[in-house]
Amino acid sequence: MPGLPRFHLDTSAPHSRRPCHQWPGSWASLQKTVVILCLLLSSTSLSPTHAQTEIPPETVKLWADTFGRDLYDTVTKYSGSLLLQKKYKDVESSLRIKEVDGLELVRKFSEDMETMLRRKVEAVKNLVEAAEEADLNHEFNESLVFNYYNSVLINERDENGNYVELGAEFVLESNAHFSNLMVNTSISSVQLPTNVYNKDPDILNGVYMSEALNTVFVENFQRDPTLTWQYFGSSTGFFRIYPGIKWTPDENGVIAFDCRNRGWYIQAATSPKDIVIVVDTSGSMKGLRMTIAKHTISTILDTLGENDFVNIIAYSDYIHYIEPCFKGILVQADRDNREHFKQLVDELMVKGVGVVNQALTEAFQILKQFQEARQGSLCNQAIMLITDGAVEDYEPVFEKYNWPDRKVRVFTYLIGREVTFADRMKWIACNNKGYYTQISTLADAQENVMEYLHVLSRPMVINHDHDITWTEAYMDSKLFTSQAQSLMLLTTVAMPVFSKKNETRSHGILLGVVGSDVALRELMKLAPRYKLGVHGYAFLNTNNGYILSHPDLRPLYRDGKKLKPKPNYNSVDLSEVEWEDRAETLRTAMINGETGSLSMDVKVPLDKGKRVLFLTNDYFFTDISDTPFSLGVVLSRGHGEYILLGNTTVEEGLHDLLHPDLTLASDWIYCITDIDPDHRKLSQLEAIVRFLTGEDPDLECDEELVREVLLDAVVTAPMEAYWTAMTLNTSDESEQVVDMAFLGTRAGLLRSSLFVGSEKVSDKKFLTPEDEASIFTMDHFPLWYRQAAEHPAGSFVFNLQSAEAPESPGQPMVVTASTAVAVTVDKKTAIAAAVGVQMRLEFLQRTFWAATRQCGTVEGPCPESCQDSSLDCFVIDNNGFILISERSQEMGRFLGEVDGALMTQLLSMGVFSQVTMYDYQAMCKPSNHHHSAARPLVSPISALLTATRWLVNELLLLLLEWSAWGSWRADSKAEAKAVFHQ
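Residues numbered from 1 in each chain as written. Predicted model: local features only at pLDDT ≥ 70, side-chain atom pairs only at ≥ 80, totals over all residues. Heavy atoms only, no water.

If you look the protein up in an unreviewed UniProt entry, it shows as Voltage-dependent calcium channel subunit alpha-2/delta-4 isoform X7 from Panthera pardus. The UniProt entry for the protein carries the following comment under Subcellular location (unreviewed entry): "Membrane". Taken directly from UniProt, the Sequence similarities (unreviewed entry) text for the protein runs: "Belongs to the calcium channel subunit alpha-2/delta family." (UniProt positions renumbered as here; feature names shortened; annotations may be inferred.)

This next bit is on the pairing of strand β14 (residues 409–415). Every regular strand shows the same layout, with side chains that alternate between the two sheet faces. Counting buried residues along β14, seven of its seven residues qualify, which places the element largely inside the surrounding structure. Neither face of β14 is open: one carries R409, F411, Y413 and I415, the other V410, T412 and L414, and all of them are buried. Alignment of strand β13 (residues 380–387) against β14, held across six bridges, turns out to be parallel. Looking across to β14, one finds that L385 is bridged to T412. Relative to strand β15 (residues 436–439), β14 runs parallel, the two being bridged by four bridges. Looking at the pairing, T412 lines up with Y436 of β15. For the crossover that starts at β14, traverses helix α12 (residues 422–430) and ends in the parallel β15, the hand is right-handed. (Buried < 20%, exposed > 50% of the residue type's maximum accessible area, 1.4 Å probe, protein only. Helix = DSSP H or I, 4+ residues; strand = E, 2+ residues; numbered from the N terminus. Pairing = 2+ DSSP bridges. Right-handed = clockwise from strand over helix to strand, strands pointing away.)

So, on to the pattern of salt bridges. Inspection of the entire model under this criterion finds 32 salt bridges. With a closest N to O distance of 2.9 Å, D388 and R289 form a salt bridge. Here D388 is found in the loop between β13 and α11 (395–401), whereas its partner R289 is found in helix α8 (residues 288–302), with 99 residues between them in sequence. Given a relative accessible area of 10%, D388 falls into the buried group. Classification of R289 as partly exposed rests on a relative accessible area of 25%. Between R690 and D696 there is a salt bridge whose closest N-O contact spans 3.9 Å. Look at D696 and you get buried, because its relative accessible area is 12%. Several salt bridges converge on common partners, so that one network encompasses R119, K120 and D224. (Salt bridge = Lys/Arg side-chain N within 4 Å of Asp/Glu carboxyl O.)

With that out of the way, let us pick up the sheet that holds strand β29 (residues 749–754). With respect to topology, six strands assemble into an open sheet ordered β27-β29-β28-β32-β31-β30, the strand pairing being antiparallel. Of all strands in the sheet, those bounded by a partner on one side alone are β27 (662–664) and β30 (797–802). Mean inter-strand twist for the sheet, computed between neighbouring axes without regard to direction, equals 25 degrees. Alignment of strand β28 (residues 738–745) against strand β32 (residues 828–840), held across seven bridges, turns out to be antiparallel. When the bridges of β32 are listed, F742 appears paired with G836. (Axes fitted to C-alpha atoms, helices over the stretch in contact; angles between N-to-C directions.)

Listed as buried for helix α19 (residues 650–657) are G653, L654, D656 and L657. Residues of α19 that are buried sit in contact with β27, α20 (684–693), α21 (703–716) and β29. (Contact = heavy atoms within 4.5 Å.)

A few words now on the pairing of β28. Counting buried residues in β28 gives eight out of eight residues, a clear majority hidden from the surface. Pairing between β28 and β29: five bridges, direction antiparallel. Bridge pairing in β29 links L743 to R751. Connecting the antiparallel pair β28 and β29 is a turn made up of three residues, with G748 showing a positive phi of about 85 degrees.

With that settled, consider the state of the cysteines. Applying the stated rule across the entire model yields one disulfide. Note on cysteine connectivity: C671 is disulfide-linked to C701, with sulfurs 1.9 Å apart. Since a negative S-S torsion denotes a left-handed disulfide, the C671-C701 link at about 105 degrees is right-handed. One end of the pair, C671, is in the loop between β27 and α20; the other, C701, is in the loop between α20 and α21, with 30 residues separating them in the sequence. For the residue pair C671 and C701, the accessibility class agrees, reading buried in each case. (Disulfide = S-S within 2.5 Å.)

In structure tokens, the structure reads:
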């Protein structure tokens, strides 16, 4: 679009720090009044044509005064903001404002989380002890016959109506604690992947032995009702899960889930490791052998995690790193690097003669350098040799680099059916404390690759090191295929299970891994939202710097009508969310588990990036003992670090709490209702009433939060009568300009009242869970509350949006106006509440066009109004989005998109200033795959159109902050501006 500011997109930055989207789009005004704006425009190139009459600035000012005054009077009248301010003022003398101690708060949250996670660890330890004891008392029976509950076969019948073998009747009931899935909380069930025979003697003996875990599962759950899934993953491939559940194959009838491939199993079964994969790309590897080799490498990569380090060297008659940028080093085996390696492996070509000595030498040198420099995992080191045979004399390499200490294990994978070189490959593995296996088909890779994990685990098994492992955040969408899946972020605590039998103790036999899931959402409930203020939040990250939980973490993307996890959703770095921590001071401190604080000036995007707030945030952080996690708490400077406290009687509070117009934040924990089954059906409001009346003495409630709710209920109670009177006094349909009034308090209390029939409400999703931005959630206060809190109390903030679907054009438009209510005690000011209205856009239009017909004291003939002239007239909200225009298709759009020349002019005049935001979590649509390493050429026209559409539709965010007319009265502050483009 001509006249739009041009921006250069730099794509040369490293991938780990390059954003897919750059938001050059937030703009902040320089506090220019509309009068000055119009005077300047009249003297610029945007002057009227010969057919237009120039409107004097005095007239423009008169229009703006009239429109602002009428608008302010209306929203003040219907919202009752002056009454609410008076009610808080009346009780001001009995209120107390407490300043939050951020360090004390983060330590308290950390201790509570540590206590919760310790209970999960204790449950897992109970399972380890029971499993090892059961194995000690079990004698292997080759001919054992044993029927068990197979998760796939339970409740299945044959054509005669009889239960199939291993598929007896298994009672299943819906359980809210387990995402409403059909489960059996009295017993576990057993799942096996399709490629594991369900009657193999090893399987039958393992399942029989692990039956002893059923009692422990139930006892753990009774002892700690917050426990979710508990399970035992066997090294033989079966997976015992509690509570028992029906497992559904995929559309092809296949059960692909193998517990031994899961991150929690691999991390618990082995220690961190440095791996160099050496692959033969000589001519003899062509065809199927190279396909098998590539699949083998991919399978090895899948067994690595963020605590491991890896590189891949290909060799023929020369060696080369498949990623030249990683030459001579090891890189962290996080998801991004693993996927990058997989893509490069797919592009490997075969040629030449295989000479393994040089490749082995290079691999040993890398591992030695990292070990001496104290880099990498600082634990196990191994070389994976993948080839169809080794012919030259390789013994000198081992003598020089690995013998006699044999600190580096060498695992050999012989590719293909030929056995000519089998003895040599075995010799290499056995003389370097490794393991040899032959992989002749694609199906062999999975099972044979897993063997190296058992070898690496032997020292830990022999020493009986029951290390506790915590995983990164993940969504186990593979767990219950075809069932109601929860896209909830989890972490798993896992521990290995070893054989304690004397005859096998020296062999180091790993029986499997036990684990239990912890929903991160439940963990974050221990950092109550009300203690963090309007803009505050808490977050968790790992000792690798990856986010576990953060309100700005966006792990999902929309694919059509479905939400799916992003490819790298669990490897989002803290510096990519808190991106203004450019020196990585915060990240470094939290990775090191330090306790402390720092401050940063930040820009906070709102409303899907359309708006932005400028805040100064104080960050407080500490570690969570006995875990690899750190906790951060963020409080916004000023009112965000104050809590408003007051007292009221239970009787008075209960009376006002039961008003029909009152609701509470359903996501907040006023009382604990998710542990006792008798409490799970209670709403938070019902639980508070039972707690206050003493009806249920077993209920545990947050007494400080309950007191705040009672105070807010009493102070805001008169608003119900006020709004009811307004409804009765505006029965004339022509006067019904406002759909509803509403208010919210810091304690999560919400009141609302309709001025029209529910069938006439323009935006029926507003203040409902379908519109999360408009209600209190665990992650944030409502949008209208957050915006109002950052403006002077009494001044209204206006937002325009589609009533139903913001992304759908042609939807009816509604305007939300809100203002903050502040309380000052001992020179400290806290935001007590926010109040507002939702009105119809038609009213704003009528009011504005009527205002433009004002003539005032202008000498000479009264100039034409906007509607009667050929002028372009806009009313813009405080973020640069058009509230009113003569052309309905422009309303709700960004001014720069509609008239780029005007926006460019305003920018050059200093009315706006550019603020750049970054989104490191955005997904770039993958380009078509090309076998060449070079990127395909892109049509310059196509690139220009794409960039323009990106800048205009997605990335230009404007902020036009309100500055009151000097002649306006203090009580007529409406947050809107009239901009007239002649």
